[in-house]
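Read off the chains here:
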Amino acid sequence: MPEIRFAQTIVKQPRHPTPATPIGRGVRGRAALRPAEGPVKRAHPDPPKLGKGGERGGGGPADGGGTFKPGLRPEANASLPSAIMSAAVFFGCTFIAFGPAFGLLLFTVAGDPLRVIILVAGSFFWLVSLLLSSLLWFVAVQLSNKANAGVQHGLLMMGAGASVLLQEAFRFAYYKLLKKADQGLAAMSEDGRSPISIGQMAYVSGLAFGIASGAFSVINVLSDSLGPGMVGIHGDSPYFFLTSAFLTMAVVLLHTSWGVVFFDACEKRRWLALTVVVVTHMLTSGLTFLNPRYELSLPLIYGLTIATGGWAFSTAGGSVQNIWRCVTFSR
């Protein structure tokens with residue numbers, strides 16, 4: 001049904017007698033609803049409702065009723081459901097992606113100033129690794145044939161691999177820095193002990209890497225979720241925003257687990273465990289190239305997340321007995 005736009009005009013007495021144009025009761029003066037173009041259309045039989053200050057609300061002549069906010073144009077009223085849906089998608093995906101990270105940050109990091117400092121410094125280290133990998137990829141793209149899609153895809157995969165190696169290299173550099181800081185803190189304390197253990201440093205640094213990685217990977221997606229536009233019109237997956245949020249949550253948890261295992265491997269010189277961390281990070285990054293086949297990439301990445309989380313839990317000294325004691329509140 002074509003849309004009919006209505007304009008409010010002043011009816012003047014014609015020179016030649018013509019059929020009277022019906023005017024809605026309750027409208028001040030001699031104002032009537034006329035179409036902006038075309039022949040005269042009869043206004044809605046019900047009188048328009050007056051809001052505060054004489055503003056019209058209620059149903060319009062084109063749809064025979066409905067819920068409109070007084071004082072707003074029809075196109076503004078029509079955009080309200082779209083804005084509400086966009087906001088729901090934005091906040092829903094944000095809470096999915098960063099809900100666990102926010103909980104860990106709130107209950108295990110925010111109360112200790114030293115842990116907060118380690119978190120901020122760890123995020124900085126990850127940002128430097130991102131800067132270097134982005135610069136490397138940018139130079140490679142500029143020197144290559146931009147018209148060749150196969151070459152560009154290969155450069156993207158090489159850039160992802162280089163980014164993983166740089167992240168793990170900066171994780172090792174951060175371990176060395178925290179090791180020096182731990183020795184300094186132990187020397188400054190009265191009892192000769194550091195106020196924070198290497199295991200706690202590993203956990204906080206891994207959480208810092210995860211939060212920074214998740215924020216930079218999903219921030220543009222969340223921005224696009226606010227509209228305008230709709231996903232899936234051209235045959236793409238309508239679950240793009242939702243799967244991106246779940247992938248971000250998995251990456252945050254993976255970085256936290258990798259940090260715990262990585263620091264423990266460096267501390268005990270377990271080079272095989274160190275290699276496994278780098279390989280699983282490479283594998284996780286490679287699985288994202290399966291997208292938009294989310295039915296393959298998402299279960300595999302979450303399988304790695306669960307396995308790595310269990311590995312990190314046992315590395316930190318956790319056991320089934322500890323979980324049972326935590327659940328039953330027993331000592």
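Rules used throughout
- Residues numbered from 1 in each chain as written.
- Predicted model: local features only at pLDDT ≥ 70, side-chain atom pairs only at ≥ 80, totals over all residues.
- Heavy atoms only, no water.
- Salt bridge = Lys/Arg side-chain N within 4 Å of Asp/Glu carboxyl O.
- Helix = DSSP H or I, 4+ residues; strand = E, 2+ residues; numbered from the N terminus.
- Buried < 20%, exposed > 50% of the residue type's maximum accessible area, 1.4 Å probe, protein only.
- Expected span 1.5 Å × (residues − 1).
- Polar contact = N/O pair within 3.5 Å; in protein donor to acceptor, adjacent residues only side chain to side chain.
- Phe/Tyr/Trp six-rings, centres within 6.5 Å; stacked < 30°, edge-to-face > 60°.
- Lys NZ or Arg CZ within 6 Å of the ring centre and 35° of its normal.

(A) Quick look at the pattern of salt bridges. A full pass over the atoms with the stated rule returns 5 salt bridges. For aspartate 112, the salt bridge goes to arginine 115, with nearest N and O atoms at 3.4 Å. Note that arginine 171 is salt-bridged to glutamate 168, the shortest N-O span being 3.0 Å. Highlighted residues: arginine 171 and glutamate 168, both in helix α3 (residues 149-188), separated by 3 residues, approximately one helical turn. Grouping residues by exposure puts arginine 171 and glutamate 168 together as buried. Because the salt bridges share partners, they merge into one network encompassing Asp264, Lys268 and Arg270.

(B) Fine view of α3. Taking 1.5 Å as the rise per residue, α3 with 40 residues should run 58 Å; its terminal C-alpha atoms sit 58 Å apart, in good agreement. Where α3 starts, the residue carrying a side-chain oxygen 3.0 Å from the main-chain nitrogen of glycine 150 turns out to be asparagine 148.

(C) Structural detail: the packing of aromatic side chains. Inspection of every chain in the model, using the stated rule, returns 9 aromatic pairs. Ring geometry for phenylalanine 90 versus phenylalanine 91: centroids 5.2 Å apart, planes at 80 degrees, classification edge-to-face. Judged by relative accessible area, phenylalanine 90 falls into the partly exposed class, the value being 21%. Ring plane angle 70 degrees and centroid distance 6.4 Å describe the contact between phenylalanine 125 and phenylalanine 170, whose orientation is recorded as edge-to-face. One end of the pair, phenylalanine 125, is in helix α2 (residues 113-143); the other, phenylalanine 170, is in helix α3, and 45 residues separate them in sequence. On the basis of relative accessible area, phenylalanine 125 is assigned to the buried category, the value being 16%. A relative accessible area of 18% means that phenylalanine 170 is categorised as buried. Here the aromatic residues Phe124, Phe125, Phe170 and Tyr174 are joined through ring pairs into a cluster of three or more. Across the ring face of phenylalanine 262, the terminal group of arginine 171 is positioned such that the distance to the ring centre comes to 5.9 Å.

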